[in-house]
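Examining the three-dimensional arrangement
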Amino acid sequence: MKHLSLLILISIIFIGCEKEPKILLNFNTEPAIKFIQLIDFIEKESKIELDTIEYSKNQIISNYNRNKINKVLNKKIDNLLKLPVYKKLSDITSAFTDSTKFKGKEAFKFAFLNLPYKGTAMSGGIANSWVEYWKNDYNIKAIDFINELENNSERIKYESISLSKKYFPNIIEENQNVEIAFCFDGNRGSFRNENIIYMDILGFTDFNINTFTKVLSHELHHVIYSNWLNSRIKKKSDKEKAIFKLQSRIILEGLAQQINFIDYSSQVKELYINKELIKKLYENFVEALIEIENSDTPLSTFSEFNTKMWDDSSFLLEKYCNGEIEDKTIPRRPTYDYYISYKIYESIEKNGGFEKLQFVIEYPENLLSEFNRLRNDKDLIPKFPLEIIDLWKNNFKS
């Protein structure tokens, strides 16, 4: 009888463990290491370190032509750009001259060939970010930081999972395998695509493991929650898909920022409480939803508004930021998918407690209606019009 009871107990424990999904994180430091090696090689070949010194047009052209025929350098560039991480980074990267625009991997290659004499004009000022990073010797500290991350990988993985779990739905059924790719980008900071998280080392200049862990947890939450959300919500028409794309951005960024907002700089936090800015972003968000709903080509309209949102972000940053704009503020420039989403979830937890936050995590179709119900006069975001509440909720219906 004792053996039977023990067997039943073991079975119960085993079943309980089976129901808890496993989240496996795999670190991939190859893109970051190869990037560092490439820049080091460029400096060694030219006998000049990356710096903000302005060189003559003839010096820049001569350096570019010399690099272009350097077979070893070109092989190193090609080997870096062959890595899977650069497929995604290339999708959002361009480089510019007065007369030419390069896209994707060609943009990266053109920028590398111009180093170290020129920081090529690129999306988000990428090349200039590389130059500033190396100029300040952060690259030397970055090597030690990457080694430290690898040496503490199990603790970092455990803590990042624990932090993000707080904002999961109660039931996550599937096991998840997630790759963490370390890279040097400088355009949009760390982000995720499907089950790959891109951790941009350029975003870490204090080399604080706790800060890094929270950013990783933020991105991990995107992976796990979006997989849950996409398995639950099936959209058929282009209009449903387009609206859901915007809804997903609001939901994912709003929740994940609850994990690492505490580490945002003072300058960024000031932007998040700028009443005039928040009102403007609220209006832009509402306009985007309405225009997508009324559009004959909703997916194109979503893309247009998404592009406009990022184009406007630089202008809004210049207009509303107090003092000189800090490097860490640029990746967090004002967009409604970040600022408005964060304020919605923050308000719900502050005014209704974690129980109400958990409710909208489980039932995201009620996000805007719960915000309206719990909102008070201290909140910077106005109440949402009834047509927006209905539009949001109805798009979750299958």
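Scroll up for the structure.
Report on the accompanying structure. (Residues numbered from 1 in each chain as written. Predicted model: local features only at pLDDT ≥ 70, side-chain atom pairs only at ≥ 80, totals over all residues. Heavy atoms only, no water.)

As for the packing of helix α13 (residues 275–294) against helix α14 (residues 298–320)
When two helices pack together, you describe them by how their axes are tilted relative to each other and by the distance separating the axes. Two elements in contact, α13 and α14, have axes separated by 10 Å at closest approach and are oriented at 170°. The orientation of α13 with respect to α14, classified from their angle, is roughly antiparallel. Contacts between α13 and α14 involve Glu 276, Leu 277, Lys 280, Leu 281, Glu 287, Ala 288, Glu 291 and Ile 292 on the former and, on the latter, Pro 298, Thr 301, Phe 302, Phe 305, Leu 316, Lys 319 and Tyr 320. Taken together, the residues of the contact of α13 with α14 break down into 9 nonpolar, 1 polar and 5 charged. (Axes fitted to C-alpha atoms, helices over the stretch in contact; angles between N-to-C directions. Helix = DSSP H or I, 4+ residues; strand = E, 2+ residues; numbered from the N terminus. Parallel < 35°, antiparallel > 145°, perpendicular 65-115°, else oblique. Contact = heavy atoms within 4.5 Å. Nonpolar A, V, L, I, M, F, W, Y, C, P; charged D, E, K, R; others polar.)

A word on unusual backbone geometry
For the bond running from Leu 115 to Pro 116, omega is 0°, close enough to zero to count as cis. Assignment of secondary structure puts Pro 116 in the loop between α6 (105–114) and β4 (121–122). The residue Asp 137 is not glycine, and still its phi comes out positive at about 60°. We classify Asp 137 as partly exposed; its relative accessible area is 39%. (Buried < 20%, exposed > 50% of the residue type's maximum accessible area, 1.4 Å probe, protein only.)

Describing empty space enclosed by the protein
Applying the stated criterion across every chain yields a total of 2 cavities of 30 Å³ or more. The volume enclosed by the largest cavity comes to roughly 80 Å³. Contributing to the lining of the largest cavity are Leu 281, Asn 284, Glu 287, Phe 305, Lys 308, Met 309, Asp 312, Leu 316, Pro 334, Thr 335 and Tyr 336. Only α13 and α14 provide two or more residues apiece to the lining of the largest cavity. The dominant element in the lining of the largest cavity, judged by the number of residues it contributes, is α14, at 5 residues. Looking at side-chain class alone, the lining of the largest cavity contains 6 nonpolar, 2 polar and 3 charged residues. Counted as a void, the second largest cavity has a volume near 50 Å³. Only α11 (238–260), α13, α14 and α15 (336–362) provide two or more residues apiece to the lining of the second largest cavity. (1 Å grid on protein atoms, 1.4 Å probe; cavity = no way out; pocket = protein on both sides within 12 Å on 5 of 7 lines; lining within 4 Å. Points joined across faces, edges and corners; volume = space filled by probe spheres on them.)

Brief notes about the pairing of strand β5 (residues 176–183)
For β5, the tally of buried residues reaches 6 of 8 residues, placing the bulk of the element in the interior. In the sheet, strand β1 (residues 23–28) pairs with β5 via 6 bridges, with the strands oriented parallel. In the strand pairing of β5, Leu 25 is matched with Val 178. Pairing analysis gives 5 bridges linking β5 to strand β7 (residues 196–200), with the strands arranged parallel. In the strand pairing of β7, Cys 183 is matched with Asp 200. (Pairing = 2+ DSSP bridges.)

A look at the pattern of salt bridges
All told, the structure shown has 13 salt bridges when counted by the stated rule. With a shortest N-O distance of 3.7 Å, Arg 249 and Glu 253 are connected by a salt bridge. Note that Arg 249 and Glu 253 are positioned in helix α11 at a spacing of 4 residues, about one turn of the helix. Overall, the relative accessible area of 23% leaves Arg 249 in the partly exposed class. (Salt bridge = Lys/Arg side-chain N within 4 Å of Asp/Glu carboxyl O.)

So, to be careful, I would describe these as geometric facts and stop short of saying anything about function.
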